[in-house]
Amino acid sequence: GSIRQNNVTNGNSPLKLFTHAKMTITDIFKNIASFVNDSSIYLADVMKSDKELLAIDKYKDSQQLKERVNRILSIISRDHMKVVFFGRTSNGKSTVMNAMLRERILPVGMGHTTNCFLQIEGTDKMEAVVLIPGSEELKSVHNLSSISNALSSEKLDSDSLVKILWPKEKCRLIRDDVVLVDSPGIDVSTNLDEWIEKYCLDADVFILVISAESTITVSEKKFLHNVAQRLSNPNIFILMNRWDATANEPEMVESVRQQHLDRGLEFLCDELNLCDRKEASENRMFFISAREALLNRNTDPSTSPRSGYNEGEVDFSEINRHNDDFPGYRERLHEFNKFEHEFEKCISKTAVQTKFQQHTNRGKEIITFLCETIANIINRSQTNKEEYLTKLKETEDKNVFLEHELRSMTDSAKERIRHVSEDVYKRVAQTLNDE
Ligand code: GDP
């Protein structure tokens, strides 16, 4: 009930964990940038007035931080969640992706068109474009057939990557920073290591699409073995697609399902050792019909709804009345929704951990370095002050003390630096806890 409602209205999708964390970490780094700025002005002053208070290499290090923080900010702005789809041709990868996108973005059932890697990512522009490797030209695409045309008119290697930049405003998944990669069908001749090296090392989730009429092939298993060797504990989902085929043999459904489940669990849990059987059977294997899910979500094959999945705008009653007669239709739709929810939870959690944890650590490093450097200066000038005071007592020479006071920083500047650094510390610690 409520899970589905949330997905539909886009109010509280698990993907928000990532988008929210991205906003927070951007804020934090903007704060760090202003702290770095203040500190470097202060340190430059110290350097000018009293070289004994600050080691030259620390000073040089500090002056490079501004650029470093800006670099991290630009990396954060490009951080996204990435999911790679794979499996044999015609198992329904493109259909699954379209159903998840709630739009017919990818051409379906045209074997040759997905003979390379296809990446769908967001653009702030209003018009979709296709980027083909080796060609500088941006091809704008208005609809599905122009994507297929753009693809089929090119000669592409199976390890080349075509990018489709899709308007963020049109699609929720893309707007929330998910990048989807469709791979060419896996067969025995595929150079799996090269694929993984080129396109999969930064993937947060892998989705294997199998046709319920067949079973996991040797090449698909090999691919996942290689992935598991390169990435520790990859997140893998197995979709048993075309489950609508069982509608004609209702008496067979349970036993066929159990067979698939057994084989899948054996692979995920015993061979790859990724999770326990309960977790895998509840949250990693799903029996779906991508075709039905896509039809349910997007009734008009020639158009893409402007605002994604919005039940209020489209009259589904006609198609649902027809399909409701089909045995297991509702269950399969429910299973697809459940898969999507688990997928969104998994990908956002993983992406936050893998991407933002390292930024958070860098941010802490920078702050710690500056705080220590500044504290050191304050300490030293304090010690110097005491020495001067002693001297002052000895010599009664007031000028020495006054001169020193002028050189050390004013209390209000000290206060400001302390305030900023405490604030940043607090926020970094808090985000880390949240995540
Ligand atoms: P891909 O090559 O793996 O990307 O497969 P496609 O998504 O292009 O699908 C191949 C064909 O299978 C198309 O004609 C789809 O309409 C059809 N198809 C995909 N998913 C399903 C499904 O769940 N049930 C049925 N009956 N057909 C499907």
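All of the points below concern the structure found in this document. Since the model is a prediction, treat every value here as computed from it, not as a measurement.

Things to note about the overall build of the protein
So, point 1. Each helix and strand in the protein was counted, giving 15 helices and nine strands.
So, point 2. Counting all 435 residues of the protein, 49% fall into the buried class.
So, point 3. A sequence separation of at least 24 residues applies to 79% of the contacts in the protein between residues at least 6 apart.
So, point 4. In the structure as shown, the protein presents an accessible area of about 21900 Å², 49% of it carried by carbon and sulfur atoms.

Some words on the side chain of E121
So, point 1. Tracing the chain through its elements places E121 in strand β2 (residues 117–123).
So, point 2. Although buried, E121 forms no salt bridge, and the nearest oppositely charged side chain, K163, lies 4.1 Å from it.
So, point 3. Here Q119 takes part through its side chain, which lies 2.6 Å from a polar atom of the side chain of E121.
So, point 4. Non-local contacts of E121, meaning those with residues more than four positions away in its chain, are made with K163, I164, L165, W166, I174 and V179.

Quick word on the nonpolar core
So, point 1. By size, the foremost hydrophobic cluster in this structure holds 75 residues, and its most contacted members are V83, F85, V96, I120, I207, F339 and F343.
So, point 2. Of all the elements, helix α13 (residues 329–395) adds the most residues to this core, at 17 residues.
So, point 3. When sequence neighbours within four positions are dropped, the list of residues in contact with F85 reads K93, V96, M97, M100, L180, V181, D182, S183, I207 and V209.
So, point 4. If you look at the next biggest cluster of nonpolar residues, it comprises 36 residues, including L192, F206, L231 and L268.

Quick notes on the sheet that holds strand β5 (residues 161–167)
So, point 1. Reading across the sheet, the nine strands line up as β4-β3-β5-β2-β6-β1-β7-β8-β9 and stay open at both edges, with mixed pairing between neighbours. Of all the strands in the sheet, just β4 (138–141) and β9 (285–287) have a single pairing partner and so form its edges. Strand-to-strand twist in this sheet, taken as the mean axis angle between neighbours without regard to direction, amounts to 20°.
So, point 2. Across seven bridges, the pairing between β2 and β5 is parallel. Counted as the bridge partner of E121 is L165 from β5.
So, point 3. Lying over the sheet, helix α8 (residues 218–230) contacts β1 (81–86), β7 (205–211) and β8 (236–241), oriented at roughly 170° with respect to β7.
So, point 4. Together, β8 and β9 form the strand contacts of helix α9 (residues 253–271), whose direction differs from that of β9 by roughly 160°.

Comments concerning helix α3 (residues 56–78)
So, point 1. Here α3 contains 23 residues, and its C-alpha end-to-end distance of 35 Å stays within 8% of the 33 Å for a straight helix at 1.5 Å per residue.
So, point 2. The largest bend in α3 comes to about 35°, at L65.
So, point 3. Looking only at α3, the buried set comprises Y59, S62, L65, V69, I72, L73 and I76.

Side note on the packing of aromatic side chains
So, point 1. Inspection of the entire model under this criterion finds 13 aromatic pairs.
So, point 2. Grouping aromatic residues by their ring pairs yields a cluster made of F86, F117, W195, Y199, F206 and F223.
So, point 3. A cation sits over an aromatic face here: R284 above F237, 4.6 Å from the ring centre.

Calculation criteria
- Residues numbered from 1 in each chain as written.
- Predicted model: local features only at pLDDT ≥ 70, side-chain atom pairs only at ≥ 80, totals over all residues.
- Heavy atoms only, no water.
- Helix = DSSP H or I, 4+ residues; strand = E, 2+ residues; numbered from the N terminus.
- Buried < 20%, exposed > 50% of the residue type's maximum accessible area, 1.4 Å probe, protein only.
- Contact = heavy atoms within 4.5 Å.
- Areas by Shrake-Rupley, 256 points an atom, 1.4 Å probe, with all protein chains shown as cover.
- Lys, Arg positive; Asp, Glu negative; His and termini not counted.
- Salt bridge = Lys/Arg side-chain N within 4 Å of Asp/Glu carboxyl O.
- Polar contact = N/O pair within 3.5 Å; in protein donor to acceptor, adjacent residues only side chain to side chain.
- Core = buried A, V, L, I, M, F, W, Y, C linked by side-chain atoms within 4.5 Å.
- Pairing = 2+ DSSP bridges.
- Axes fitted to C-alpha atoms, helices over the stretch in contact; angles between N-to-C directions.
- Expected span 1.5 Å × (residues − 1).
- Bend = angle between axes of the 7 residues up to and from the residue.
- Phe/Tyr/Trp six-rings, centres within 6.5 Å; stacked < 30°, edge-to-face > 60°.
- Lys NZ or Arg CZ within 6 Å of the ring centre and 35° of its normal.

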